[in-house]
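# Breakdown of the fold
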Amino acid sequence: MRSEPDDRRMALAAVLGGFLLGFLDFLWIKYLPYPVGNLGNSSAVWAVAAFAFGYWVRSGWWRAAVGAAVALVVAVPSYYVAAALIQGDEWSVLWAPTSLLWMSFGVLAGALFGVAGTWARGRGRRSVLGVALPGAVLFAEAGLEVRRIGHPDYGIDPLWDALLKAALGILVVALAGRTNRQRALALATAVPLALAGVAAFLLAGFR
């Protein structure tokens, strides 16, 4: 049985993982074709990364929350470092208000989905909720994409984004769940959570 990571390993994984997440995310957007490349613009994908961190930590919700939050906060300047090095963007973006805002979102999303990762490893209702949350956030983003279909600025393109994110949501639940019953319950739970997630995205200014 795999042992739980100690605090030093966890801290290193959070910082290094966050740096790789941000840097590789920029490369993903820049070099991969649409619609797969557009996943780099997905805040839900970063939330799933936080979930994966909590799932790896296995126990100790506070360790998962802090570690996942650190990873997402580090990922933000790492993304802009990649943009500065690769395409010559301004370094000042690293400390711009929008970057600080994204870091704030990273703290919230990292804590929530990091804890969800530890719940998914447990038992009972919390394990179902834990497995449901990463699927729900992907479904919520798919819902936002559906709202854009037919808009003059987007046309039909959001349909492919929505289908891809919905498929990834199902895949994440299938991989995180340990039994078919847990997966089925998690998918059923993810639907109302996704509706709440769409509302949260809209309140946060996502359109």
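That block above? That's the structure.
An account of the accompanying structure is given in this report. As the structure is a computational prediction, the values presented were derived from the model and not from experiment. (Residues numbered from 1 in each chain as written. Predicted model: local features only at pLDDT ≥ 70, side-chain atom pairs only at ≥ 80, totals over all residues. Heavy atoms only, no water.)

### Concerning the nonpolar core
Counting residues in each nonpolar core, the largest one holds 46 residues, and the members touching the most others are Trp46, Phe51, Phe53, Phe113, Val131, Val137 and Ala186. Setting aside chain neighbours within four positions, we find tryptophan 46 in contact with Leu21, Gly22, Asp25, Leu72, Ala75 and Val76. (Core = buried A, V, L, I, M, F, W, Y, C linked by side-chain atoms within 4.5 Å. Buried < 20%, exposed > 50% of the residue type's maximum accessible area, 1.4 Å probe, protein only. Contact = heavy atoms within 4.5 Å.)

### Brief notes about the packing of aromatic side chains
Taken as a whole and judged by the stated rule, the model has six aromatic pairs. Centre to centre, the rings of phenylalanine 19 and phenylalanine 23 are 5.7 Å apart; their planes meet at 25°, and the pair counts as stacked. With phenylalanine 19 and phenylalanine 23 both in helix α1 (residues 7-31) and four residues apart, the pair spans about one turn of that helix. Pairing phenylalanine 26 with tyrosine 79 gives two aromatic rings, centres 5.5 Å apart and planes at 80°, and the pair type is edge-to-face. With phenylalanine 26 in helix α1 and tyrosine 79 in helix α3 (residues 61-87), the pair connects residues that are 53 residues apart, well separated along the chain. Each member of the pair, phenylalanine 26 as well as tyrosine 79, is classed as buried. (Phe/Tyr/Trp six-rings, centres within 6.5 Å; stacked < 30°, edge-to-face > 60°. Helix = DSSP H or I, 4+ residues; strand = E, 2+ residues; numbered from the N terminus.)

### A look at the side chain of serine 78
When you line up the elements, serine 78 lands in helix α3. Within polar-contact distance, the side chain of serine 78 engages the backbone oxygen of phenylalanine 19 at 2.5 Å. A polar contact is formed between the side chain of serine 78 and the backbone nitrogen of phenylalanine 23, at a distance of 3.1 Å. Setting aside anything within four residues of it in sequence, one finds serine 78 in contact with Gly18, Phe19, Gly22 and Phe23. (Polar contact = N/O pair within 3.5 Å; in protein donor to acceptor, adjacent residues only side chain to side chain.)

Just distances and angles here, no functional claims.
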